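Take a look at the letters that make up each chain.
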Amino acid sequence: MTRNPGNPAHAQTGPAKAISEDGRVPVDLLISPIGELVTARSQAGPIRGEEMRDVCRIKDAAIAISAGQIIAVGSADEIKHAVFADDTTVVIDARESLVTPGLVDAHTHLIFDGNRADEFVMRSQGKTYTEIAAAGGGIVKSMRATQNADVERLVSLGRKRVERMLESGTTALEVKTGYGLEMESEMRMLEAIYRLKSESALDIVPTFMAAHAIPPGKEREAYVDDIVGDMLPRVVAMATQEAEREGVALTDMLPYVDVFCDRGYFTLEDTRRIFAASIRLGLKPRVHSDEFVNLGATALAVELGAASADHLLNVSDEEIALLAKSSTVAVLLPGTSFYLNLSDHAPARKMIEEGVAIALATDYNPGSCHISSLPFVWGLACLHLKMLPEEALTALTVNGAWAIGLGTNIGQLRPGFQADITIYDVEQLEEVPYNIGWNPVKQVIKMGRTIYSR
Ligand code: NIG
Ligand code: FE
């Protein structure tokens, strides 16, 4: 991850303490004993197929942390002999608790002003997302509210929502622009995301998504011209400035670029143009694909080496086979099909059988899915996508981390990984989805420091 100097969680991680005479390693934080510790593990890349359910489960476990990193994971007994605690070591007793890696939300539209509660009511009266959008609601309605907000306001709205996600166990998230839909408003959204990234204890990964909808009064092609010709170069300029300010490499600051490729939004040709221009500038694509109809965006995502293809309700068998052979992660969003009251869901079982790497995320946004809780999404993944609790955990941690470019640092309870940990007030893994609708999260640790406690 990028270490942000102004970031409270990052500032706390001092140098590691000296090793004792008998060779045991000193620790800052010891979580021991732990009722059940569960983590997926991968050496390189996201986890696929049967391995998604093959997670490591340890009863009466412990984790030792030093300088913000995990240094040992195992049975409480093993860890007791491997490390030593002195009077500065913080000890957390989690004997009746479940412990997992911090949850990763790989797809959010966290920044917007206003709300669309009226559309929720319209849907309960039988209107569809498409009908509501055609009647002046949808993304364009959020655009109108968001265009009037300054950066300060966007940051303060975002901050509250990040806080809410943290309370549900999220320790890293991706955040998209896409409610500005013209140059200056999109840049304000991107700036707000960078500001949140800099101040937040959570890992925040930006995505530029001016291609979220066609702004009213603009021709689609002319808008795509604006994105390609004017906006993307400005995005790189802003990322360059941010990288200089934070003292990090430009590659750590470049956002992803996302396109909503669907009927009534952007065509496959638009998507290809935007991604080609993005790649030329060093910006990696990810795509909203096959949510309502299949326009071929998933095959394009694989062709271009996109980080992820998201939604995938209408993905074809051929595209599933392509995904399985690629490094593109399928990000499934069961909260959205639930919130839109759709009877169809993404074919998760088929994808797992074919070897596609699946991540799960909220899609948190003001319209199609105003759900910010990953434990809730976990329950939906089991009920609607027929995923096993273990597969869902893998999707919410290791694979989510790979989908947003952080797979080598976060998503696993394993020595060398960042100490991002979620502790639940339940005793075993299955109880998280089982308790759908109740938030079981009681404590969250980020880089070895408690940043939320119920
Ligand atoms: O992922 N599909 C496009 N974007 C969002 C919807 C955003 C909105 O309705 O405001 C989604 O579902
Ligand atoms: Fe989305």
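Residues numbered from 1 in each chain as written. Chains lettered and ligands numbered in written order. Predicted model: local features only at pLDDT ≥ 70, side-chain atom pairs only at ≥ 80, totals over all residues. Heavy atoms only, no water.

### Observations regarding helix H10 (residues 297-304)
- Among the residues making up H10, those that are buried are Ala 297, Thr 298, Leu 300, Ala 301 and Val 302.
- Taken together, the buried residues of H10 touch strand E10 (256-261), helix H9 (268-280), strand E11 (285-289), strand E12 (308-311) and helix H11 (317-324).
- Of the residues flanking the end of H10, it is Gly 305, one or two places downstream, whose phi is positive at about 70°. (Buried < 20%, exposed > 50% of the residue type's maximum accessible area, 1.4 Å probe, protein only. Helix = DSSP H or I, 4+ residues; strand = E, 2+ residues; numbered from the N terminus. Contact = heavy atoms within 4.5 Å.)

### Considerations on the site of ligand 1
- Neighbouring ligand 1 are 16 residues, the closest being Arg 116, Tyr 129, Tyr 179, Glu 291 and Ser 368.
- Contacts to ligand 1 include Asp 363, whose side-chain N or O atom sits 2.8 Å from an oxygen atom.
- Protein chains bury 100% of the 320 Å² of accessible surface belonging to ligand 1 in isolation.
- Taken together, the residues that form the shell around ligand 1 break down as 4 nonpolar, 9 polar and 3 charged. (Near = heavy atom within 4 Å. Polar contact = N/O pair within 3.5 Å; in protein donor to acceptor, adjacent residues only side chain to side chain. Areas by Shrake-Rupley, 256 points an atom, 1.4 Å probe, with all protein chains shown as cover. Nonpolar A, V, L, I, M, F, W, Y, C, P; charged D, E, K, R; others polar.)

### Description of the nonpolar core
- Within the largest apolar cluster, 113 residues are counted, with the highest numbers of intra-cluster contacts made by Ile 274, Leu 332, Met 351, Ile 358, Leu 360, Trp 378 and Met 387.
- In terms of residues, this core owes the most to one element, helix H8 (residues 220-246), which gives 11 residues.
- Counting contributing residues, this core receives three or more from each of domain 1 (2-101 + 412-453) and domain 2 (104-403).
- Once you skip the residues sitting within four places of it in the chain, Trp 378 turns out to touch Leu 103, Pro 389, Ala 392, Leu 393, Leu 396, Tyr 424, Leu 429, Val 432 and Pro 433. (Core = buried A, V, L, I, M, F, W, Y, C linked by side-chain atoms within 4.5 Å. Domains from an automatic or database assignment.)

### Focus on the packing of H10 against H11
- Close contact between H10 and H11 brings their axes to 9 Å; oriented N to C, the two are set at 20°. The orientation of H10 relative to H11 falls into the category roughly parallel. Two packed elements cross with a definite hand, and for H10 against H11 that hand is left-handed. Contacts from Ala 297, Thr 298, Ala 299 and Val 302 in H10 reach Glu 319, Leu 322 and Leu 323 in H11.
- Tallied by class, residues from the contact of H10 with H11 come to 5 nonpolar, 1 polar and 1 charged. (Axes fitted to C-alpha atoms, helices over the stretch in contact; angles between N-to-C directions. Parallel < 35°, antiparallel > 145°, perpendicular 65-115°, else oblique. Left-handed = near helix turned anticlockwise from the far one by under 90°.)

### A few points about the pairing of strand E3 (residues 56-66)
- Pairing of strand E2 (residues 29-39) with E3, which is carried by 8 bridges, proceeds in the antiparallel orientation. Paired with Leu 29 across the bridge in E3 is Ile 65.
- Joining the antiparallel neighbours E3 and strand E4 (residues 69-75) is a turn of 2 residues, in which Ala 67 adopts a positive phi near 50°. (Pairing = 2+ DSSP bridges.)

### A look at the coordination of the iron ion (ligand 2)
- Those protein atoms acting as donors to the iron ion (ligand 2) are His 107 (NE2), His 109 (NE2), His 288 (NE2) and Asp 363 (OD), and they sit at 2.1 to 2.2 Å.
- In the primary structure, the donors to the iron ion (ligand 2) are separated according to the pattern H-x1-H-x178-H-x74-D. Placement of the pair is His 109 in the loop between strand E7 (103-105) and helix H3 (117-124) and Asp 363 in the loop between strand E14 (358-360) and helix H14 (374-384), with a sequence separation of 254 residues. (Donors = N, O, S within 2.8 Å, 3.2 Å for Na, K, Ca; no water.)

### Section: the pattern of salt bridges
- Counting across every chain of the model gives 28 salt bridges.
- For Asp 118, the salt bridge is made with Lys 141, and the minimal N-O distance between the two is 2.8 Å. Residue Asp 118 is found in helix H3, and its partner Lys 141 is found in helix H5 (residues 139-147); the two are separated by 23 residues along the sequence.
- Residue Asp 118 is classed as partly exposed on the basis of its relative accessible area, which comes to 37%.
- Of the residues examined, Lys 141 reaches a relative accessible area of 30% and is grouped as partly exposed.
- What you see here is one network of salt bridges that share partners, running through Glu 36, Arg 57, Lys 59, Glu 390 and Glu 430. (Salt bridge = Lys/Arg side-chain N within 4 Å of Asp/Glu carboxyl O.)

### Some details on unusual backbone geometry
- A cis amide bond links Ser 32 with the next residue in sequence, Pro 33, at an omega value of -5°.
- Even without glycine at this site, His 311 takes up a positive phi of about 90°.
- Of note, His 311 is situated in strand E12.
- In this model, Asp 363 sits at a positive phi of 70°, which is unusual for a non-glycine residue.

### Re the sheet that holds E14
- Taken together, the 8 strands give an open sheet; going across it, the order is E7-E8-E9-E10-E11-E12-E13-E14, and neighbouring strands pair in parallel fashion. Edge positions in the sheet fall to E7 and E14, since each of these pairs with one other strand and no more. Adjacent strand axes in the sheet meet at a mean angle of 25° when their direction is disregarded.
- Pairing geometry for strand E13 (residues 329-332) and E14, over 3 bridges, is parallel.

### Comments concerning the domain arrangement of the protein chain
- Taken domain by domain, the protein chain consists of domain 1 (2-101 + 412-453) and domain 2 (104-403).
- Its C-alpha centre places domain 1 at a distance of 29 Å from the equivalent point of domain 2.
- At the boundary of domain 1 with domain 2, total buried surface from both sides reaches about 3400 Å², with 65% on carbon and sulfur atoms.
- Taking the shortest distance from any N to any O, the salt bridge between Arg 53 and Glu 391 comes out at 3.5 Å.
- Taken together, the links from domain 1 to domain 2 amount to 13 residue pairs in polar contact (both at pLDDT 80 or more).
- Listed by contribution, the elements that provide at least two residues to the side of domain 1 that touches domain 2 are helix H1 (8-11), E2, strand E6 (90-101), strand E15 (421-424), helix H17 (431-434), strand E16 (441-446) and strand E17 (449-453).
- Considering each element in turn, the side of domain 1 that touches domain 2 owes the most residues, 4 residues, to E16.
- Of the residues that constitute the side of domain 1 that touches domain 2, the class distribution is 22 nonpolar, 15 polar and 7 charged. (Buried area = accessible area lost by both parts, 1.4 Å probe.)

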